[in-house]
Amino acid sequence: MAHKAGFVNIIGNPNVGKSTLMNAFVGEKLSIITSKAQTTRHRILGIVNGEDFQVLLSDTPGIIKPAYELQESMMGFVKSAFEDADVLIYMVEIGEKELKDEAFFNKIISTDIPVILLLNKIDKSNQEELESQVQMWTEKVPNAEIFPVSALEGFNVAEVFNRIIELLPESPAFYPKDTLTDKPERFFVNEIIREKILMHYKKEIPYAVEIDTQEFFEEEKIIRMRSVIMVERETQKGIIIGHKGAALKRVGVEARKDLEKFFGKQVHLELYVKVNKNWRSDQRQLKRFGYNE
């Protein structure tokens, strides 16, 4: 049987369920998930391998109008998703009417790449609303195949995956068959810590934070990590640490539990907080953190 392989890139507005779908396809938690917009900052590759296929899935940041350099870089990851896609997944949710950026929307409806439009969160809908939404999107994106799904509940996810494989070109595998992602281990340490900050802090704090894992030593029974939480201002540093260090301790305890689950090993995690002024608008800093690549 011929071997198929290709890039399947997931795009859509913030919070429509792109990361949930990616993790459902891969069967591992590669993308962090919170209820806050802009949780995903990078383009994260998840690889699903079968005997006669290799699907390279990309989770991308939600489409927004950029307000500062970091967001410009995030939208750069979305633009790149158009460039190498063999199949494009455009994800919307029940009740949604349009993409936040008209230029991206025009790209979707005029592309030659096969487009699968996923109407997500149908578990929060009824039959009448679903039919009306399918009709609306059929008219808006006539070049797309439409699948109603619930990424969270797993409804129709397997059917969509089978259709993806049908659409992929014949090709040898791009990565060794035991590869799960193209990201290094430290990337996932950073993301798991950042997820806890998104969950526990409000307003601007989560968006002003970047994580830098400076040490990662794997021993036979334990992995020792030292990570720095970067913030933009002294006041933010105080909020992250909290009264007598309680807030930072909570982040550390929750992150360590998830890291142990992710790596299947005991973890010793040291967390520090450091002010790195205006890093979100500093090209040099953004490059260092893996943006603007």
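Predicted model only: the values in this text are computed from it and were never measured. (Residues numbered from 1 in each chain as written. Predicted model: local features only at pLDDT ≥ 70, side-chain atom pairs only at ≥ 80, totals over all residues. Heavy atoms only, no water.)

**As for the sheet that holds strand β6 (residues 144-148)**
The strand order across the open sheet built from 6 strands is β2-β3-β1-β4-β5-β6, with neighbouring strands paired in mixed fashion. In this open sheet, the two edge strands, each paired with only one partner strand, are β2 (44-50) and β6. Pairs of neighbouring strands in the sheet enclose a mean axial angle of 25 degrees, with direction left out of account. As judged from the 7 bridges shared by strand β1 (residues 4-12) and strand β3 (residues 53-59), these two strands associate in the parallel manner. Along β3, the bridge assignment pairs Ile10 with Asp59. (Pairing = 2+ DSSP bridges. Helix = DSSP H or I, 4+ residues; strand = E, 2+ residues; numbered from the N terminus. Axes fitted to C-alpha atoms, helices over the stretch in contact; angles between N-to-C directions.)

**What about unusual backbone geometry?**
The phi dihedral of Lys244 falls on the positive side, at around 55 degrees, and the residue is not glycine. For Asn278, which is not glycine, the phi dihedral falls at a positive 50 degrees. If you trace the backbone, Asn278 turns up in the loop between β9 (266-275) and α9 (283-288).

**Section: the pairing of strand β8 (residues 222-231)**
Taken across its 10 residues, β8 has 8 buried, putting it largely inside the fold. Turn length for the strand β7 (residues 210-218)-β8 hairpin, with the two strands adjacent in sequence and antiparallel, is 3 residues. For β8 and β9, the ladder comprises 10 bridges, and the chain directions are parallel. Pairing of Val228 across the sheet is with Tyr272, part of β9. (Buried < 20%, exposed > 50% of the residue type's maximum accessible area, 1.4 Å probe, protein only.)

**Re the packing of aromatic side chains**
Per the stated rule, a full pass over the model turns up 9 aromatic pairs. Measuring from ring centre to ring centre gives 6.3 Å for Tyr90 and Phe105, while their planes differ by 70 degrees; the resulting arrangement is edge-to-face. With a gap of 15 residues between them, Tyr90 in strand β4 (residues 87-93) and Phe105 in helix α3 (residues 102-110) connect regions that are remote in the sequence. By relative accessible area, Phe105 is classed as buried at 14%. (Phe/Tyr/Trp six-rings, centres within 6.5 Å; stacked < 30°, edge-to-face > 60°.)

Coordinates in, geometry out; function isn't part of it.
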